[in-house]
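Coordinates in review
Residues per chain, in single letters:
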Amino acid sequence: MINLWFVIIAFLWTGYFVLEGFDFGVGLLAPLLSRNAAEQRQSLQTIGPVWDGNEVWLITAVGAMFAAFPAWYSGLFSAFYLPVTLILVGLIVRGVGLEWRGKVANPIWCDLGILVGSGLPAFLWGAIFADVLFDSGPAALLGGAFTLTLCVLHGAVFLALRTTGPVRRRARTAAMAAAAVAIPVAVLTLSNLGSLPALAAMAALAAAAALIWRRREGWAFGATAAGIVLATLAVFMELRVAPLPGLTLAAAASGPYTLTMLSWIGLITLPFVLVYQGWTYWVFRKRVMLAAA
């Protein structure tokens, strides 16, 4: 049961990083790629129907950690109280900005909230996990730079896939520029792990750059998503040995009865969440057109 719930938690974090990754990237890029209010709306509408659903993955992942591995949960979030608090503030500010942007006369503060609320989690999650793995300030900064640049690349490819017109063209250019930064940072970061998934993640990101160059946005988005999946897998392979320094999974886990009850709950709820999210993305699969300003 312990290994099963570790795999489930790794899966939930992976889903969160893949789905929220392009949300964060779009939030960071929308002000840069938009030349007027209509283009800004077009960019943000690509994530409008899905961003709040994507956050469910974080809530579920943290909840599963709390129930299945309470010592891991308490140790991680106590040690990183300040950055986790900043992440929560960022997510709240971003949510307010996205919800209120179309309801106020001057949305500049909403746009700023979306920008800051996207950048803080994108950087800090990488910094937190890198610090857990390497217990080093420079490594934490490098990990934060990795996740931040990866989110920008992922978001740029997503915008190129989901928009039309000038925003789509600028998004392709932005994706190439982001790849030029994200790939070297990925090499520096993931080479410290040295595992096969880490090497495969680097290859996936290089493939994404080649695919966006050939204007194959769909395949490029699949490649950036694969890069995130593989990088997260590499991280959790390391955490499997010690989720926190000096802590084993067995020591961090709840009792057998709790894990058994959680398994029944997960068997019922997880398929529902997956089907619902899949249906949401199918409904909103079409490109977002540029509306009149």
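Everything discussed here concerns the structure shown above.
Per chain, residues are indexed from 1 in the order of the written sequence. A pLDDT threshold of at least 70 governs which residues receive local features in this predicted model, and a stricter bar of 80 or more applies before side-chain atom pairs are shown or counted, although totals over entire chains, interfaces and linings include all residues. Side-chain measures here rest on the full set of heavy atoms in the structure, leaving out hydrogens and waters.

1. As for the overall build of the protein
Broken down by element type, the protein carries twelve helices and zero strands. Only DSSP runs of H or I covering at least 4 residues are called helices, and only runs of E covering at least 2 are called strands; the numbering of each starts at the N terminus. When the helices and strands of the protein are read in sequence order from the N terminus, they spell out α-α-α-α-α-α-α-α-α-α-α-α. Here the protein has a C-alpha radius of gyration of 19 Å; the compact-globule value for 293 residues is 19 Å, and the two agree. The principal-axis extent of the C-alpha atoms belonging to the protein is close to 60 × 40 × 35 Å. Relative accessibility under 20% of the residue-type maximum defines a buried residue, over 50% an exposed one, and the middle range a partly exposed one, all with a 1.4 Å probe and only protein chains included. Of all 293 residues assigned to the protein, the portion counted as buried reaches 52%. Sequence separation of at least 24 residues holds for 79% of the intrachain contacts in the protein that already meet a minimum separation of 6. Only carbon and sulfur atoms are counted for the fraction: they give 74% of the accessible area of the protein, which is about 13600 Å². The globule rule is 2.2 Å times the number of residues to the power 0.38, and the radius of gyration it is compared with is taken over C-alpha atoms. Contact between two residues is taken to exist if any of their heavy atoms lie within 4.5 Å; hydrogens are not considered. Only the protein chains shown count as covering a residue, and every accessible area follows the Shrake-Rupley method with a 1.4 Å probe.

2. Points about helix H3 (residues 51–68)
A helix is expected to reach a length of 1.5 Å times the quantity of its residues less one. A rise of 1.5 Å per residue sets the reference length of H3, with its 18 residues, at 26 Å; its end C-alpha atoms lie 26 Å apart and thus fit the reference within 8%. Restricting attention to buried positions, one finds in H3 the residues Trp51, Gly53, Asn54, Glu55, Trp57, Leu58, Ala61, Ala64, Met65 and Ala68. For H3, the secondary structure elements touched by its buried residues are helix H1 (2–33), helix H4 (70–79), helix H5 (81–100), helix H6 (108–134), helix H11 (249–252) and helix H12 (256–283).

3. Quick word on unusual backbone geometry
Most of the time, phi is negative for any residue but glycine, and the peptide bond is trans. Phi angles above zero are rare outside glycine, and Asp135 is one such case at about 50°. One can find Asp135 in the loop between H6 and helix H7 (137–162). Judged by relative accessible area, Asp135 falls into the exposed class, the value being 64%. Here Arg215, not a glycine, exhibits a phi torsion of approximately 65°, which is positive. Inspection of the secondary structure assignment puts Arg215 in the loop between helix H9 (196–213) and helix H10 (217–241). Judged by relative accessible area, which is 57%, Arg215 ranks as exposed.

4. Looking at a nonpolar patch on the surface
Nonpolar side chains (Val, Leu, Ile, Met, Phe, Trp, Tyr) within 5 Å and like charges within 9 Å form the patches, drawn only from residues with over 30% relative accessible area and no salt bridge. Here, a salt bridge means any side-chain nitrogen of Lys or Arg that lies within 4 Å of a carboxyl oxygen of Asp or Glu. Together, Phe272, Tyr276, Trp279, Trp282, Val283 and Phe284 make up a nonpolar patch on the protein surface, roughly 740 Å² of accessible area in all. Here Trp282 lies in helix H12. On the basis of relative accessible area, Trp282 is assigned to the exposed category, the value being 55%.

5. Some thoughts on the nonpolar core
Throughout this description, the term nonpolar core refers to a set of buried Ala, Val, Leu, Ile, Met, Phe, Trp, Tyr and Cys residues connected via side-chain atoms within 4.5 Å. Counting 90 residues, the largest nonpolar core has Trp13, Phe69, Trp72, Trp125 and Phe236 as the members making the most contacts within it. When residues in this core are grouped by element, the largest group, 18 residues, is from H1. Those residues in contact with Phe69 that lie beyond four places of it in its chain are Ile2, Trp5, Phe6, Ile9, Ala64, Leu249, Ala252, Ala253 and Ser254.

6. Focus: the packing of H5 against H6
Their axes nearest at 7 Å, the elements H5 and H6 cross at an angle of 150°. Of the possible angle classes, the one that applies to H5 and H6 is roughly antiparallel. Considering only the axes of H5 and H6, their crossing is left-handed. Facing Pro83, Val84, Leu86, Ile87, Gly90, Leu91, Val93, Arg94, Gly97, Leu98 and Trp100 of H5, the residues of H6 in contact are Cys110, Gly113, Ile114, Gly117, Ser118, Leu120, Pro121, Leu124, Trp125 and Ile128. Amino acid classes used here: Ala, Val, Leu, Ile, Met, Phe, Trp, Tyr, Cys and Pro are nonpolar; Asp, Glu, Lys and Arg are charged; the rest, including Gly, are polar. The residue makeup of the contact of H5 with H6, split by class, is 15 nonpolar, five polar and one charged. Structural elements are reduced to axes, namely lines fitted to C-alpha atoms, with helices fitted over the stretch in contact, and the angle between N-to-C directions of any two is expressed from 0 to 180 degrees. Oblique is the label for any angle not covered by the other classes, which are roughly parallel (under 35 degrees), roughly antiparallel (over 145) and roughly perpendicular (65 to 115). What makes a crossing left-handed is the near helix being turned counterclockwise from the far one by less than a right angle; a clockwise turn instead makes it right-handed.

7. Concerning the pattern of salt bridges
Evaluated as defined, the whole model comprises seven salt bridges. Of the charged contacts in the structure, one is a salt bridge between Glu55 and Arg94, with a shortest N-O distance of 2.6 Å. You can see Glu55 sitting in helix H3 and its partner Arg94 sitting in helix H5, a full 39 residues away along the chain. For the residue pair Glu55 and Arg94, the accessibility class agrees, reading buried in each case. If you follow the salt bridges from partner to partner, you end up with Arg168, Arg172, Glu217 and Arg287 in one network.

8. Here's the deal with the packing of H3 against H12
Remark: H3 packs on H12, axes separated minimally by 12 Å, with the N-to-C direction vectors making an angle of 175°. As the angle between them shows, H3 and H12 are arranged roughly antiparallel. Touching Gly53, Asn54, Trp57, Ala67 and Ala68 of H3 are Thr258, Leu259, Leu262, Leu274, Gln277 and Tyr281, all from H12. Here the contact of H3 with H12 is built from residues that sort into seven nonpolar, four polar and no charged.

9. Remarks on the packing of aromatic side chains
A pair of aromatic rings is counted whenever rings of Phe, Tyr or Trp (Trp by its six-membered ring) have centres within 6.5 Å, and the orientation is called stacked for planes under 30 degrees apart, edge-to-face for over 60 and tilted otherwise. Within this structure, the stated rule accounts for 21 aromatic pairs. For the pair Phe272 and Tyr276, a centre-to-centre distance of 6.5 Å together with 15° between the ring planes defines the contact as stacked. Remark: Tyr276 and Phe272 occur in helix H12; sequence separation between them is four residues, near one turn of the helix. The exposed category is assigned to Phe272, whose relative accessible area is 60%. One aromatic cluster in this structure is built from Phe6, Trp13, Tyr16, Phe17, Phe69, Trp72, Trp125, Phe129 and Phe236. For the cation-ring pair, Arg285 lies above Trp282, with the distance from its terminal atom to the ring centre recorded as 3.8 Å. Distance and angle both matter: a charge sits over a ring if NZ of Lys or CZ of Arg is within 6 Å of the ring centre and within 35 degrees of the ring normal.

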